[in-house]
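Chain residues, written in single-letter form:
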Amino acid sequence: MNSTNNNQDTEKTKETQAAASEETMVSVQDYTGEGYALPYGKETDKIADDHLAQIEEAALNFFKEKYKTDVTVHNVVGAKDGATVFVESKGEPHFYTYAVVPIDELEKKVMTEKIWADEFQVENAIKGGLYHMIFNEEFKQLDEYLETLAAEGQVTGKTKDALQNVGGHGYMTPYYFLALTSKEEAIKPVYDLYISNPEESVENLRNAYEEGSFNPENFKINIQLFMADKQAEPSEEIFNQVTEELEEMNSIPMGTYSFSLNDNFIDKQSSEGSKENSFKRGFPDYIIKE
């Protein structure tokens, strides 16, 4: 895709992103994505509902043809001049992302033939899923640590329904999501191999990985936890404990870690949990594993 199209996609993406909201907060344990809204999406949401089967079919075909990936459509949300379609890949590489179907509001018509997605976002979603595939053992250590932490009862993460219905941030678990910068080169040959042959073995994908090109600053692991108790403020003690333990762990994936601990509530319109009372460890003081 040329730079002009990239710029156009970036502008389109901005238009589909959720606006800041002052709506009522909901407990993270109860949040399923219901109530999520995009700017100027009230009328297009109704039109999208009337053409849901048409939109779902367009999304399935789009990801199959362009990215050779089978997806499940979980949610369609009206936005300015279109509808955002949230999808989840079937099997591996596992990731969440979205596409946009333009809508002619005056004609009440969905233009499925013009479905599009931000190329950078989708590629990074797939690359994050590939990272998880080829470094499965390292991610298993991280997953077990966070699951054990949640099992102790003081903290929790987002629900699976929330990830499916309004996630869209690539490889995601209830406790973290992965993000790559445009400078991340080590995974590129793995991505190219996967796109050329989606049936390629994990071993061959791992062999294509260029470790010498890896820079942890270009691979972000963003951990976000919530207090399990609805009445609890974010615990500084738990925040310090998790931060120290992340710093000490040597068997988790290499990369740049951020960590935030929020109270129990999440903004149902924007799906954001971070607030002024949240404890955060991030820029410019990331936890870096290299």
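Residues numbered from 1 in each chain as written. Predicted model: local features only at pLDDT ≥ 70, side-chain atom pairs only at ≥ 80, totals over all residues. Heavy atoms only, no water.

Student: How would you sum up the confidence of the model for the protein? Please name residues and give values.
Tutor: Confidence in the prediction for the protein averages 91 pLDDT; 92% of positions are at 70 or higher. Contacts of residues 1-21 to residues separated by more than four positions or lying in other chains number 32 contacts, the stretch itself having pLDDT below 50. (pLDDT = per-residue confidence, 0-100. Contact = heavy atoms within 4.5 Å.)

Student: Lay out the packing of helix α3 (residues 52-67) against helix α4 (residues 119-134) with the relevant residues and their values.
Tutor: Packed helices, taken two at a time, are described by the angle between their axes plus the distance between the axes. Direction vectors running N to C along α3 and α4 enclose 75 degrees, while the axes themselves pass 13 Å from each other. The angle between α3 and α4 places the two elements in the roughly perpendicular class. Contacts between α3 and α4 pair Phe63, Lys66 and Tyr67 from the former with Glu119, Val122, Glu123 and Ile126 from the latter. Of the residues assigned to the contact of α3 with α4, the class counts are four nonpolar, no polar and three charged. (Axes fitted to C-alpha atoms, helices over the stretch in contact; angles between N-to-C directions. Helix = DSSP H or I, 4+ residues; strand = E, 2+ residues; numbered from the N terminus. Parallel < 35°, antiparallel > 145°, perpendicular 65-115°, else oblique. Nonpolar A, V, L, I, M, F, W, Y, C, P; charged D, E, K, R; others polar.)

Student: Describe the pairing of strand β9 (residues 255-262), naming the residues involved and giving the relevant values.
Tutor: Extensive coverage of β9 is indicated by the burial of eight of its eight residues. In this region the chain leaves strand β8 (residues 219-227), passes through helix α9 (residues 236-248) and returns to the parallel neighbour β9; the handedness of that crossover is right-handed. Sheet topology places β9 next to strand β12 (residues 287-289); three bridges connect them, and they run antiparallel. Looking at β12, one finds that glycine 255 is bridged to lysine 289. Inspection of the sheet shows β9 paired to strand β11 (residues 279-281) by three bridges, in the antiparallel sense. Along β11, the bridge assignment pairs leucine 261 with phenylalanine 279. (Buried < 20%, exposed > 50% of the residue type's maximum accessible area, 1.4 Å probe, protein only. Right-handed = clockwise from strand over helix to strand, strands pointing away. Pairing = 2+ DSSP bridges.)

Student: Could you give me a rundown of the side chain of asparagine 222, with the residues and numbers involved?
Tutor: The topology assignment puts asparagine 222 in strand β8. Setting aside its immediate chain neighbours within four residues, asparagine 222 contacts Tyr175, Tyr176, Phe177, Ala179 and Ser258.

Student: Report on helix α5 (residues 136-151), specifying residues and quantitative values.
Tutor: Helix length check: α5, at 16 residues, gives a terminal C-alpha distance of 22 Å against a target of 22 Å (1.5 Å per residue), a fit within 8%. Among all positions of α5, only Phe139, Leu142, Asp143, Tyr145, Leu146, Leu149 and Ala150 are buried. End-on view of α5: buried residues confined to an arc of 160 degrees, all on one side of the axis. Those residues of α5 that are buried lie in contact with α4, β6 (155-156), β7 (176-180), β8, α9 and β9. Positive phi shows up at glycine 153, right after α5, with a value of about 100 degrees. (Expected span 1.5 Å × (residues − 1). Arc of directions from axis to C-beta.)

Student: Break down the sheet that holds strand β3 (residues 82-89) for me, with residues and values.
Tutor: If you trace the four strands from one edge of the open sheet to the other, you get β2-β3-β4-β5, paired in antiparallel fashion. With one partner strand each, in any of the chains shown, β2 (71-79) and β5 (109-110) form the two edges of the open sheet. Bridge analysis of strand β4 (residues 96-104) against β5 gives two bridges, and the strand direction is antiparallel. The partner of isoleucine 103 across the bridge, within β5, is valine 110. Here α3 sits on the sheet and contacts β2, β3, β4 and β5; the angle it forms with β2, its principal contact strand, is near 125 degrees.

Student: So what's going on with the pairing of β2? Which residues, and what values?
Tutor: For β2 and β3, the ladder comprises eight bridges, and the chain directions are antiparallel. Note on β3: the bridge partner recorded for asparagine 75 is phenylalanine 86. Hairpin connection from β2 to β3: two residues lie between these consecutive antiparallel strands, with aspartate 81 at a positive phi of about 65 degrees.

Student: Lay out the environment of valine 101 with the relevant residues and their values.
Tutor: Here valine 101 is to be found in strand β4. For the pair valine 101 and alanine 83, spaced 18 residues apart in sequence, the C-alpha to C-alpha distance is 5.3 Å. Excluding residues that lie within four positions of it along the chain, valine 101 makes contacts with Ile55, Asp81, Gly82, Ala83, Val85, Val110, Met111, Thr112 and Ile115.

Student: Give a detailed account of the packing of aromatic side chains, specifying residues and quantitative values.
Tutor: Per the stated rule, a full pass over the model turns up 17 aromatic pairs. With a centroid separation of 6.2 Å and 70 degrees between ring planes, the pair formed by phenylalanine 62 and tyrosine 67 is classed as edge-to-face. Chaining the aromatic ring pairs together yields one cluster made of Tyr131, Phe135, Tyr209, Phe214 and Phe219. The ring of tyrosine 191 has lysine 127 sitting right over it, with the charged end atom 5.4 Å from the ring centre. The ring of tyrosine 286 has lysine 220 lying over it, and the distance from NZ or CZ to the ring centre is 5.8 Å. (Phe/Tyr/Trp six-rings, centres within 6.5 Å; stacked < 30°, edge-to-face > 60°. Lys NZ or Arg CZ within 6 Å of the ring centre and 35° of its normal.)

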